[in-house]
Amino acid sequence: MKMIRLYTREPMDTAIYDAKLAYSMHIAIWNGEEFKGLNHNSGVFFAKAVENPDGSLTAKSLKEPKAVRMDDGSYLISAIRAEADGCSDGTALLARTRDFLWYEELGREDELYSRSFDMSDTIEIPDEIAERLVNTLTTPENIAIEFPETVAVSSREELEEIKAKAVYSDGSTDLKRVDWDLGGVDFSLKGEYEIEGRVHQEHFEFPVAVNRADPCVAFWDGYYYYIATNDADGNHTLYIRKAETIQGLVTAEEVLLLDSETYESIGGLLWAPEFHEIKGRLYIFHACTPGEFFKEESHVMELRLGGDPMNRDDWSRPKRVMKADGSDLAEAGRTITLDMTEFEWKGKYYVAWSQREFLPKDLGAWLYFAELDPDEPTRLLSEPVIISKPDYGWANNHTFVDEGPFALNLGDKLWLTFSSAAVDSTYVVSALILEKGKDPLNPKSWRKMNYPLLTSRSVPGEFGTGHNAYVKDKDGHIFNTYHARPGVDGPRSSGIRRVHFNVYGEPVLDMTEEIDVKPDLMCIKTKLVIK
C-alpha cells in the first residue's frame, strides 16, 4: 500500500497560479521521506461550473478535499464547494473515483450519505493504483539505451534499419535511429569493426518562431510545410514555410500566402490556419472576418490540383463553412466560429471547432462537432453538437474558453486535444477521448479529462502553452507543434517537441529533449560484422 495526501494550494499572482487553479484537488504521494506533489504540483480534480438558465456558466472551485475507500474498491471524494475565488458557497462537492485520474461528480442527494464515513486528506491506496498515478502524473525519463552488442549486416542501409531502444522510467520504450561514425568501414569487404554512434535526436530550441501562434505543420508531396497565426502584424497576414525535414522549417524562408487586403470581405483577423488533406487534396482551414472581431468565421482554402502550396495564386479564395442545408454556420456579428480542425475517423470525415455566442449574452467559447462532406469540405453533413464547455477552473481562468481542437488518432482511441482559458500565461491544453465503436456525434461518447495535460508548470520557461497540432516525421515519430510564451509577458511563439507515449499508450506532451534522451546515454558502441 502507498500513502497519498489530498490538498489545495495557496493562490499566487493571477498570471502564475490563480485561485481557480490553486483551489482544486492536488495529489502528493509518500516517497519514503516526504510527500511529493504529482502533476507538476498542479490540480488533478476540479469542481465543475454551474450552468445557469440562460446557458452561461458560473465558475466553481473546491477546498478541503478528503477521501475514503468504499467496499467496492472505489473512493468517495468530498470537498467544500466554493466560488471561483475560494469563498465557500455553502454546499458540498462529492465525486467518485477508482484511480484518482477519472472522476464522476455525484448529486446533492449523496451529501448526507457521505457524512457517515470517516474521511481524511491522507489515505492508503493499493500499489497498482499508486503506480498508475505516478506513471501518468509524472513525466517519464530516459533511464537506459539498449542496442545489440554485435550486429551483422551486409550494407549501410541494413545497419541504419537497426534502431536503438530508449527505455523510460515508467516502463515505456521508443525506437530511435543512430548516427554512426563509419569512417574506415568498407561494406564491400567482409570484416569486423568496433564502431561508435550517437542516438539521433531532432533539436528544437524554444522558441522556433517568435510571434507565431497556433502553429501547424503538415507533410505534403514529399515536403513539410509550416503555417501559423502572425502576431507580429496584428494577425493580418499568413506566411508559409517549406523544408525537406521538420527541423529544416526552423530556418526556412517565409512566403506570404494570404493577407487581409487581397479579397473583399476577407480581412483581418486571420487566425489559426491548419493544413488538412482530404481525399488527396490539400486544404487550409482558418478563420477570418471582413474587419470586425464579431464577424470572425471559419473558412477553407483549397490548393488547385497539381498546385504549389508555396504559390499563393494556386490557392482558392477562402470560402465560408456552411451547414448541411447551405445556411451559415453561425450568425456573423452575433456568434463567432474559429479554430476549425478536420480529421478522418473510421471511414468518415469530421470537423471540430470553437464557437462563441456574444448576443444577447456572452456564453463563452464552446467546442462543437459535426460530420463533414469530404467532396465539399466547406459543407457539413450533420447538425453541429456541443462536446465541451469550459466548465473546469483551468478552462474558465480569466475567461470562459474551449478552443483549438486537434485530433490525434491512436487507432483504438481518438484523442482530441484542445486549449482553454485566456490566451495569456495561464493558457492550457487538455483532451477529449473517443473510444473505437462509439458514435462521435453523440456528446456522451466523449470523455473529458478533469485536468490539463500541458500548463505553464509543465516545462520551465514556457508559459501559456496551447493551441497545438500534430505531425509525423519520416521516422514515424509524432511531433507536437504548439505556441507558448518565453516569459509570463512574452510574445506567443511557436515550439516543437516530440510526443512520447507512456506505458499505457497515452500521449505525453511535456517530455523535453534532456529527458527524452539523457545526454550521458546518447553515445553507444557495437561490434559491426560485415557479412
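Higher on the page you've got the structure.
Presented here is an overview of the structure given in this document. (Residues numbered from 1 in each chain as written. Predicted model: local features only at pLDDT ≥ 70, side-chain atom pairs only at ≥ 80, totals over all residues. Heavy atoms only, no water.)

**Comments concerning the overall build of the protein chain**
For step 1, the next point in the chain: For the protein chain, the helix and strand inventory stands at five helices and 38 strands.
For step 2, the next point in the chain: Within the protein chain, the fraction of its 531 residues that count as buried is 56%.
For step 3, the next point in the chain: Restricting to contacts in the protein chain with at least 6 residues of sequence separation, those with at least 24 account for 54%.
For step 4, the next point in the chain: Per element, the accessible surface of the protein chain, about 22,500 Å² overall, is 47% carbon and sulfur.
For step 5, the next point in the chain: Looking at the protein chain, you have 59 positive and 91 negative side-chain charges, and the mean spots of the two groups are 3 Å apart. (Helix = DSSP H or I, 4+ residues; strand = E, 2+ residues; numbered from the N terminus. Buried < 20%, exposed > 50% of the residue type's maximum accessible area, 1.4 Å probe, protein only. Contact = heavy atoms within 4.5 Å. Areas by Shrake-Rupley, 256 points an atom, 1.4 Å probe, with all protein chains shown as cover. Lys, Arg positive; Asp, Glu negative; His and termini not counted. Charge placed at Lys NZ, Arg CZ, Asp CG, Glu CD.)

**Regarding the sheet that holds strand E15 (residues 178–181)**
For step 1, the next point in the chain: Within the open sheet, the four strands sit side by side as E12-E38-E16-E15. Their pairing is mixed. The open sheet has two edge strands with one neighbour each: strand E12 (150–153) and E15. When strand polarity is set aside, the average angle formed by the axes of neighbouring strands in this sheet is 40°.
For step 2, the next point in the chain: With four bridges connecting them, E12 and strand E38 (residues 523–530) associate as parallel partners. (Pairing = 2+ DSSP bridges. Axes fitted to C-alpha atoms, helices over the stretch in contact; angles between N-to-C directions.)

**Things to note about the side chain of Thr-289**
For step 1, the next point in the chain: With respect to the helices and strands, the residue Thr-289 is situated in strand E22 (residues 281–289).
For step 2, the next point in the chain: Residue class for Thr-289 comes out buried when judged on its relative accessible area of 0%.
For step 3, the next point in the chain: A polar atom in the side chain of Thr-289 sits 2.4 Å from the backbone oxygen of Glu-292.
For step 4, the next point in the chain: Once residues lying within four places of it in the same chain are set aside, the contact partners of Thr-289 are Ser-265, Ile-266, Gly-267, Gly-268, Leu-269, Lys-295 and Glu-296. (Polar contact = N/O pair within 3.5 Å; in protein donor to acceptor, adjacent residues only side chain to side chain.)

**Things to note about the nonpolar core**
Burial of nonpolar side chains together is a common tendency in soluble globular proteins.
For step 1, the next point in the chain: One finds Met-25, Ile-27, Ile-77, Phe-100, Ile-125, Phe-275 and Leu-416 to be the most contacted residues of the largest nonpolar core, which totals 82 residues.
For step 2, the next point in the chain: A per-element tally of this core places strand E31 (residues 428–435) first, with six residues.
For step 3, the next point in the chain: In contact with Leu-416, other than residues within four places in its own chain, are Phe-343, Ala-352, Ile-387, Pro-405, Phe-406, Ala-407, Ser-430, Ala-431, Leu-432 and Trp-446.
For step 4, the next point in the chain: Listed in part, the 23 residues of the second largest apolar core include Phe-147, Val-199, Met-511 and Leu-528. (Core = buried A, V, L, I, M, F, W, Y, C linked by side-chain atoms within 4.5 Å.)

**Remarks on the pairing of strand E2 (residues 26–30)**
For step 1, the next point in the chain: Counting buried residues along E2, four of its five residues qualify, which places the element largely inside the surrounding structure.
For step 2, the next point in the chain: Bridging between strand E1 (residues 2–7) and E2 involves four bridges; their strand directions are antiparallel. In the sheet register, Ile-4 faces E2, and the bridge partner there is Ile-29.
For step 3, the next point in the chain: Across three bridges, the pairing between E2 and strand E3 (residues 35–37) is antiparallel. What sits directly across from Trp-30, in E3, is Phe-35.
For step 4, the next point in the chain: Count of turn residues in the E2/E3 antiparallel hairpin: four residues, of which Gly-32 carries a positive phi of about 100°.

**So, the environment of Ala-82**
For step 1, the next point in the chain: With respect to the helices and strands, the residue Ala-82 is situated in strand E7 (residues 75–83).
For step 2, the next point in the chain: Distance in space between the C-alpha atoms of Ala-82 and Ser-61 is 4.9 Å, their sequence separation being 21 residues.
For step 3, the next point in the chain: Those residues within four positions of Ala-82 in sequence are excluded, and the remaining contacts are Lys-60, Ser-61, Leu-62, Lys-63, Cys-87, Ser-88 and Asp-89.

**Re the pairing of E1**
For step 1, the next point in the chain: Here E1 runs beside strand E10 (residues 122–125); their pairing, made up of four bridges, is antiparallel. Looking at the pairing, Met-3 lines up with Glu-124 of E10.

**Comments concerning the packing of aromatic side chains**
For step 1, the next point in the chain: All told, the structure shown has 20 aromatic pairs when counted by the stated rule.
For step 2, the next point in the chain: When the centroid spacing of 5.1 Å and the interplanar angle of 65° are considered together, the rings of Trp-30 and Phe-35 count as edge-to-face.
For step 3, the next point in the chain: A relative accessible area of 37% places Trp-30 in the partly exposed class.
For step 4, the next point in the chain: For the pair Tyr-350 and Phe-369, a centre-to-centre distance of 5.3 Å together with 20° between the ring planes defines the contact as stacked. Highlighted residues: Tyr-350 in strand E26 (residues 348–357) and Phe-369 in strand E27 (residues 365–371), separated in sequence by 19 residues. As far as burial versus exposure is concerned, Tyr-350 and Phe-369 are alike and both buried.
For step 5, the next point in the chain: Taken together through their ring pairs, the aromatic side chains of Trp-271, Phe-293, Phe-294 and Phe-358 make up a single cluster.
For step 6, the next point in the chain: The ring of Tyr-17 has Arg-9 sitting right over it, with the charged end atom 4.3 Å from the ring centre.
For step 7, the next point in the chain: Directly above the ring of Trp-366 sits Lys-389, whose terminal nitrogen or CZ lies 4.1 Å from the centroid. (Phe/Tyr/Trp six-rings, centres within 6.5 Å; stacked < 30°, edge-to-face > 60°. Lys NZ or Arg CZ within 6 Å of the ring centre and 35° of its normal.)

**Considering the pattern of salt bridges**
For step 1, the next point in the chain: Taken as a whole, this structure holds 31 salt bridges when the rule is applied.
For step 2, the next point in the chain: Linking Asp-231 and Arg-492 is a salt bridge whose minimum nitrogen-to-oxygen distance equals 2.8 Å. Placement of Asp-231 in the loop between strand E18 (223–230) and strand E19 (237–243) and of Arg-492 in the loop between strand E34 (478–485) and strand E35 (493–498) is noted, with a sequence separation of 261 residues between them.
For step 3, the next point in the chain: Note on Asp-231: relative accessible area 21%, which makes it partly exposed.
For step 4, the next point in the chain: The residue Arg-304 makes a salt bridge to Asp-314 at a minimum N-O spacing of 2.7 Å. You can see Arg-304 sitting in the loop between strand E23 (297–302) and strand E24 (319–320) and its partner Asp-314 sitting in the loop between E23 and E24, a full ten residues away along the chain.
For step 5, the next point in the chain: Each of Lys-60, Arg-81, Glu-83 and Asp-89 takes part in one network of salt bridges that share partners. (Salt bridge = Lys/Arg side-chain N within 4 Å of Asp/Glu carboxyl O.)

**Thoughts on the state of the cysteines**
For step 1, the next point in the chain: Under the definition given, this model contains zero disulfides.
For step 2, the next point in the chain: Free of any disulfide, Cys-288 has its nearest neighbouring cysteine sulfur in Cys-216, separated by 17 Å. (Disulfide = S-S within 2.5 Å.)

**Description of the sheet that holds strand E14 (residues 173–176)**
Strand pairing in a sheet takes place through backbone hydrogen bonds and is either antiparallel or parallel in direction.
For step 1, the next point in the chain: Spatially, the three strands line up as an open sheet ordered E11-E13-E14, and their pairing is antiparallel. Looking at which strands have only one partner, the edges of the open sheet turn out to be strand E11 (142–146) and E14. Shown here is a sheet whose adjacent strand axes are inclined to one another by a mean of 25°, direction ignored.
For step 2, the next point in the chain: Of the strand pairs in this sheet, strand E13 (residues 164–168) and E14 are connected by four bridges, and their pairing is antiparallel. Looking at E14, one finds that Val-167 is bridged to Thr-173.

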